[in-house]
Amino acid sequence: MIMAARKTVSAWRVRRAASRVAMYAVLILLVVTTVTPLVTLILASLKKDMELIKAGGFALPNSPQWQNYALAWSKGHMGIYFTNTVIVTIAVCALGIALAVSCAYAIVTLHIPFRRFWTFLFMIGIVFPESSIIIPSYFNLRLVGLYDTYWALILPQTALSIAFGAFFLQPAFKDIPQELIDCSVLDGCGDFSTLFRILLPMLQPAISVLVIFFFLGTWNDFLVASILVSKDELRTLPFALLSFLKRYTANAPLIAASTVISAIPAVVLYLIFFRKVVQGVATGALKE
Amino acid sequence: MVRKTPVAMAWTMALFLLPGLAVYAAFFLIPAVQGFLYSLYDWEGYRMGAFIGLENYRKMASDEVLKGSIVNILYFMVVYATLPVALGLACAEILSRGRVRGSLAIRIVYYLPQIFNLTAVGILFRWVLHPDYGILNTVVDWFGLGGLRRPWLGDPSTAIHAVAAMTVWFMFGYVMVIFFAGMQRIPASLYEAAMLDGAGPVRQFRSITLPSLRNEFTVILILMLINALNTYPMIAAATEGGPGYATMVPALYGFRVFSYQSNVGYGSAIIDTLVVATLVFSMGVYVLREREA
């Protein structure tokens, strides 16, 4: 009896160990597949052109060619594109947050009339894909003289951000107890000081998720940048990379260096705020 | 609650709602409506021509390039809705239930591709799949399969599958993150009860995890279809729709018709068809939700 029981226990242990090995094998295989292309990209960015062709993608660079980065930055105009992307991203984040917060505040806390209608309007911005506005925006921006300016990059993206933000923030506003707001009104706070003194500190977690969401969306945006500006001095990274690719096809390490440059800020932000990024993605997705 | 007079309320709306609403209307709502109007005009170059009704849409039926690109996008939609979903679900289950060491680090890695801009992803895969120094060919050599060496993106017979593989690499972490978040909401007591009843991990997955994630499932499937329609910049960077039109997709083609051929009417018609498809899928979420509720 006891022997038999021992046998089944040990068989169960073996099975369990085997399944754990299989589990880790799958996970590690996927980690390797995910990371390897990125590592070889970095390796390529530090090689000489001929070296890459001769030694292949996996070889370590003989002596790291850091000047590829310097070259991409200055001669390849990556510095300009990078600065543009920073300007546009900061502007969209600042404007988007300010306007989305005030809209959500008006709709939820200030009890304005037709709340469902306003919410419905903002929902349109969430369900419509970005591509729907690009061609008309090209002509509209030309008409009002904003084509080929920073505004052409900033305003359409801000509009998208407002729609998402006004929607995303509503539950956070609803969570704030009405008594708290009533108290602050009785204490003589107006609408503005209620928002700034009472609500904003409480909304800070939701707002920081939103900032990261806007940052990543704007930093990586391709569509607006590909059609609503044409001047090289106004290009932002994702689209600039594409034209860069066509101009320097022969110099693979330079393209690799530029690609790395284009990703660094987003990746750094991501590594610091992983949990918030994921929170934004999960709630954002389930809301749609 | 303190009631406001109508005048005070009008001021409140003007101060708090109007600025955001104005920017949103001017740069999103209005262009979104205009797009549909543009597709109804004969419009090449800078001047809007005559109103031609649905002529641009009729033209789509006889456009061979467009037809090929629709076949491609249907294939991509099938890929998006299956492979990353299966992989993402499996990873989420292992990571949330398997007591894995370094679970957080692994999740960070899986989601990492999503942080790269789509052009960078396309360029990255030009590397990986490059005929001379691409690492895929190197790996193929390691396994002694040198006969399989090829320019994966340059060969018309493999290009479309290579692009599909790229999308799996890019998307599965996204699926994983959403399923993982859903799994965190399933009460642990359900699993404990199942364990006492002698249910193994597979049985638990089938009887507890899957039914609890029904909501996430519909949303994921629809998001994958929407993403399939809209992640074309990746293809633009990896293959530019080529070789020939082997990896062309409607969105890329529509914007080409607009910016290279300056055909505003026809380009708008192609893009609007995609917009409508996206809307239909989005509506699907609500319909399914309502039915479940």
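Thresholds, definitions, all that
Residues numbered from 1 in each chain as written. Chains lettered and ligands numbered in written order. Predicted model: local features only at pLDDT ≥ 70, side-chain atom pairs only at ≥ 80, totals over all residues. Helix = DSSP H or I, 4+ residues; strand = E, 2+ residues; numbered from the N terminus. Rg over C-alpha atoms; globule rule 2.2 N^0.38 Å. Buried ≥ 20, exposed ≤ 12 C-beta atoms within 10 Å, placed from the backbone. Contact = placed C-beta atoms within 7 Å. Core = buried A, V, L, I, M, F, W, Y, C linked by C-beta atoms within 7 Å. Domains from an automatic or database assignment. Nonpolar A, V, L, I, M, F, W, Y, C, P; charged D, E, K, R; others polar. Expected span 1.5 Å × (residues − 1). Bend = angle between axes of the 7 residues up to and from the residue. pLDDT = per-residue confidence, 0-100. Axes fitted to C-alpha atoms, helices over the stretch in contact; angles between N-to-C directions. Left-handed = near helix turned anticlockwise from the far one by under 90°.

**A word on the overall build of chain B**
Part 1 of the reasoning: Counting secondary structure elements, chain B contains 13 helices and 0 strands.
Part 2 of the reasoning: Mapped in sequence order, the helices and strands of chain B form the string α-α-α-α-α-α-α-α-α-α-α-α-α.
Part 3 of the reasoning: Its C-alpha atoms give chain B a radius of gyration of 24 Å, more than 25% over the compact-globule value 19 Å for 293 residues.
Part 4 of the reasoning: Dimensions of chain B, computed from C-alpha atoms along their principal axes, come out at roughly 75 × 70 × 30 Å.

**Quick notes on the overall build of chain A**
Part 1 of the reasoning: When its secondary structure is counted, chain A shows 14 helices and 0 strands.
Part 2 of the reasoning: The order of helices and strands in chain A, counted from the N terminus, is α-α-α-α-α-α-α-α-α-α-α-α-α-α.
Part 3 of the reasoning: Looking at chain A as a whole, 44% of its 288 residues qualify as buried.
Part 4 of the reasoning: Sequence separation of 24 or more characterises 76% of the internal contacts of chain A that already satisfy a separation of 6 or more.

**Describing the nonpolar core**
Part 1 of the reasoning: Counting 178 residues, the largest nonpolar core has Cys103, Ala104, Tyr105, Ala163, Ala166 and Leu169 of chain A together with Val175 of chain B as its most contacted members.
Part 2 of the reasoning: Counting residues per element, this core draws most heavily on helix H4 (residues 78-108) of chain A, at 17 residues.
Part 3 of the reasoning: Non-local contacts of leucine 169 of chain A, meaning those with residues more than four positions away in its chain, are made with Ala100, Val101, Ala104, Ala206 and Leu210 of chain A.

**Here we look at the domain arrangement of chain A**
Residue and element names in this part refer to chain A.
Part 1 of the reasoning: According to the domain assignment, chain A contains domain 1 (2-45) and domain 2 (75-287).
Part 2 of the reasoning: Here the C-alpha centroids of domain 1 and domain 2 sit 40 Å apart.
Part 3 of the reasoning: Counting from both sides, the interface comprises 4 residues of domain 1 and, opposite them, 6 residues of domain 2.
Part 4 of the reasoning: For the side of domain 1 that touches domain 2, the residue count by class is 3 nonpolar, 1 polar and no charged.

**Description of the interface of chain B and chain A**
Part 1 of the reasoning: Tallying the contact residues gives 69 residues for chain B and 75 residues for chain A.
Part 2 of the reasoning: It is helix H1 (residues 6-38) of chain B that contributes the most residues to the side of chain B that touches chain A, 18 residues altogether.
Part 3 of the reasoning: When its residues are assigned to classes, the side of chain B that touches chain A shows 53 nonpolar, 15 polar and 1 charged.

**Description of the environment of glycine 165 of chain A**
Residue and element names in this part refer to chain A.
Part 1 of the reasoning: Looking at the secondary structure, you find glycine 165 in helix H7 (residues 150-168).
Part 2 of the reasoning: Here the alpha-carbon distance between glycine 165 and leucine 242, two residues 77 residues apart in the chain, equals 30 Å.
Part 3 of the reasoning: If we ignore the near neighbours within four places in the chain, the residues touching glycine 165 are Gly96, Ile97, Ala100 and Leu210.

**Thoughts on unusual backbone geometry**
Part 1 of the reasoning: A positive phi is found at histidine 77 of chain A, a non-glycine position, where the angle reads about 65°.
Part 2 of the reasoning: The residue histidine 77 of chain A is located in the loop between helix H3 (67-74) and H4 in this model.
Part 3 of the reasoning: What makes histidine 77 of chain A partly exposed here is the crowd of 19 C-beta atoms within 10 Å.
Part 4 of the reasoning: One non-glycine residue with positive phi stands out, namely arginine 99 of chain B, at about 45°.

**Description of helix H13 (residues 252-272) of chain A**
Part 1 of the reasoning: Taking 1.5 Å per residue, 21 residues should reach 30 Å; H13 of chain A reaches 30 Å between its end C-alpha atoms and fits that length.
Part 2 of the reasoning: Of all the bends in H13 of chain A, the greatest, near 40°, is centred on isoleucine 264 of chain A, and the proline proline 265 of chain A appears no more than four residues after it.

**Notes on H1 of chain B**
All names here are of chain B.
Part 1 of the reasoning: Here H1 contains 33 residues, and its C-alpha end-to-end distance of 40 Å is more than 12% below the 48 Å for a straight helix at 1.5 Å per residue.
Part 2 of the reasoning: Residue leucine 17 marks the point of greatest curvature in H1, where the axis turns by about 50°; the proline proline 19 follows within four residues.
Part 3 of the reasoning: Within the span of H1, buried status applies to Phe16, Leu17, Gly20, Leu21, Val23, Tyr24, Phe27, Phe28, Pro31, Ala32, Gly35 and Tyr38.

**So, the confidence of the model for chain A**
Low-confidence regions, as indicated by low pLDDT, have predicted coordinates that should not be scrutinised in detail.
Part 1 of the reasoning: On average, chain A scores 87 in pLDDT, and the residues at 70 or more come to 96%.
Part 2 of the reasoning: Mean pLDDT in chain A bottoms out at helix H2 (residues 49-55) of chain A, which sits at 77, and peaks at H4 of chain A, which reaches 94.

**Here's the deal with the packing of H4 of chain A against H7 of chain A**
Helix packing for two helices is described by the angle between their axes and how far apart those axes are.
Residue and element names in this part refer to chain A.
Part 1 of the reasoning: Two elements in contact, H4 and H7, have axes separated by 8 Å at closest approach and are oriented at 35°. Taken as a pair, H4 and H7 cross one another with a handedness that is right-handed. The residues of H7 that touch H4, namely those facing Ile87, Val88, Ala91, Val92, Leu95, Gly96, Ile97, Leu99, Ala100, Cys103, Ala104 and Ile107, are Tyr150, Leu153, Ile154, Gln157, Thr158, Ser161, Ile162, Gly165 and Ala166.
Part 2 of the reasoning: Along the lines of polarity and charge, the residues of the contact of H4 with H7 split into 16 nonpolar, 5 polar and no charged.

**Details of the confidence of the model for chain B**
Part 1 of the reasoning: Summarising the model, chain B shows a mean pLDDT of 88, and 97% of its residues fall at 70 or more.
Part 2 of the reasoning: With pTM at 0.89, the complex prediction returns an ipTM value of 0.88.

**Concerning the environment of glycine 147 of chain B**
Part 1 of the reasoning: The topology assignment puts glycine 147 of chain B in the loop between helix H6 (135-142) and helix H7 (159-184).
Part 2 of the reasoning: Remark: the alpha-carbon pair of glycine 147 of chain B and asparagine 137 of chain B, spanning 10 residues in sequence, is separated by 9.9 Å.

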